[in-house]
Amino acid sequence: YFDRVIFAVDPASDIRIQIIAEMEQSGQKYECLQFTNASSKAATRIRFVFNYFDAKAHALGFDVFDHRKTVPAGGEVDVPPDRTPTGVWNYDGCTAVSPPAGIVVNVVTVERVEYDDGTSWALAGTNADSPTAIPKATATP
């Protein structure tokens, strides 16, 4: 449901996204990410934001993936196989989304990472409790 994806992830987050897959099951759309926690600490929460843009870089909206399962230091979360009898929603790297019509570009950001030692990392200019869409000037189709 989009033509292009951009991973706009600050290297300081220590989250490395390798793959994004769009899936649909029973009419519900899902975004699935394969990513690695490159930190030396276990991550207990990672907030991803999917920012949607049209062909003229107008912001159409965003969805949030608030991953709250522990990813050990160096650990990887994988994308599911193409067909899964138990359901996409059972995979750690997938979240239900509601993308609007007309998406051409999906810009994926990491806004916040919380670690098992109580420390955290946040993208500059974001709020710890609520996700923030990135400015439309960031997307260039």
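Predicted, not measured: the structure shown is a model, and the values here were computed from it.

**Points about the overall build of the protein chain**
Thought 1: Along the protein chain, the regular secondary structure elements total 0 helices and 9 strands.
Thought 2: Reading the secondary structure of the protein chain in the N-to-C direction produces β-β-β-β-β-β-β-β-β.
Thought 3: Taking all 141 residues of the protein chain together, the buried fraction comes to 43%.
Thought 4: Looking at the protein chain alone, contacts between residues at least 24 apart form 66% of all its contacts between residues at least 6 apart.
Thought 5: Per element, the accessible surface of the protein chain, about 7000 Å² overall, is 49% carbon and sulfur.

**Here we look at the side chain of Ser39**
Thought 1: As for its placement among the helices and strands, Ser39 is situated in the loop between strand S3 (28-37) and strand S4 (43-53).
Thought 2: In this structure the side chain of Ser39 is engaged in a polar contact, spanning 2.9 Å, whose partner is the backbone nitrogen of Lys41.
Thought 3: Contacts of Ser39, omitting those with residues within four sequence positions, involve Asp14, Ala73, Gly74 and Tyr115.

**As for the packing of aromatic side chains**
Thought 1: Here the structure, examined in full by the defined rule, presents 2 aromatic pairs.
Thought 2: A ring pair is formed by Phe48 and Phe65, whose centres lie 5.6 Å apart and whose planes are at 25°; its orientation type is stacked. You can see Phe48 sitting in strand S4 and its partner Phe65 sitting in strand S5 (residues 59-67), a full 17 residues away along the chain.
Thought 3: Chaining the aromatic ring pairs together yields one cluster made of Phe35, Phe48 and Phe65.
Thought 4: The ring centre of Tyr115 lies 4.4 Å from the NZ or CZ of Lys41, which sits over that ring.

**Section: the environment of Ala124**
Thought 1: Following the sequence through the fold, Ala124 ends up in the segment after strand S9 (120-122).
Thought 2: Taking the relative accessible area as the measure of exposure, Ala124 reaches 73% and is therefore exposed.
Thought 3: When the C-alpha positions of Ala124 and Glu111 are compared, they lie 8.4 Å apart, and in sequence the two are 13 residues distant.

**Observations regarding the pattern of salt bridges**
Where charged atoms of side chains with opposite charge meet at close range, the side chains can pair.
Thought 1: Inspection of every chain in the model, using the stated rule, returns 7 salt bridges.
Thought 2: A salt bridge links Asp14 to Arg16, with the shortest nitrogen-to-oxygen separation between them at 3.7 Å.
Thought 3: The partly exposed category is assigned to Arg16, whose relative accessible area is 33%.
Thought 4: Arg47 is the salt-bridge partner of Glu111, the closest N and O atoms lying 3.4 Å from each other. Here the residue Glu111 occupies a position in strand S8 (residues 105-115), and Arg47 occupies one in strand S4, the gap between them amounting to 64 residues.
Thought 5: Among the residues examined, Glu111 registers a relative accessible area of 1% and is labelled buried.
Thought 6: A relative accessible area of 2% places Arg47 in the buried class.
Thought 7: One continuous salt-bridge network, built from bridges that share partners, spans Arg45, Asp66, Arg68, Arg112 and Glu114.

**Observations concerning the nonpolar core**
Thought 1: The biggest cluster of nonpolar side chains holds 22 residues, and the ones touching the most others in it are Leu33, Phe35, Ile46, Phe48, Phe50, Val110 and Val113.
Thought 2: Within the residue set of this core, elements represented by two or more residues are strand S2 (15-25), S3, S4 and S8.
Thought 3: The element contributing the most residues to this core is S4, with 5 residues.
Thought 4: For Phe35, the residues in contact, after removing those within four places along its chain, are Ile15, Arg16, Ile17, Gln18, Ile46, Phe48, His67, Val71, Gly75, Glu76 and Val77.
Thought 5: One finds Met23, Tyr30, Cys32 and Cys94 within the second-largest nonpolar core, a separate group that totals 5 residues.

Rules of the game
Residues numbered from 1 in each chain as written. Predicted model: local features only at pLDDT ≥ 70, side-chain atom pairs only at ≥ 80, totals over all residues. Heavy atoms only, no water. Helix = DSSP H or I, 4+ residues; strand = E, 2+ residues; numbered from the N terminus. Buried < 20%, exposed > 50% of the residue type's maximum accessible area, 1.4 Å probe, protein only. Contact = heavy atoms within 4.5 Å. Areas by Shrake-Rupley, 256 points an atom, 1.4 Å probe, with all protein chains shown as cover. Polar contact = N/O pair within 3.5 Å; in protein donor to acceptor, adjacent residues only side chain to side chain. Phe/Tyr/Trp six-rings, centres within 6.5 Å; stacked < 30°, edge-to-face > 60°. Lys NZ or Arg CZ within 6 Å of the ring centre and 35° of its normal. Salt bridge = Lys/Arg side-chain N within 4 Å of Asp/Glu carboxyl O. Core = buried A, V, L, I, M, F, W, Y, C linked by side-chain atoms within 4.5 Å.

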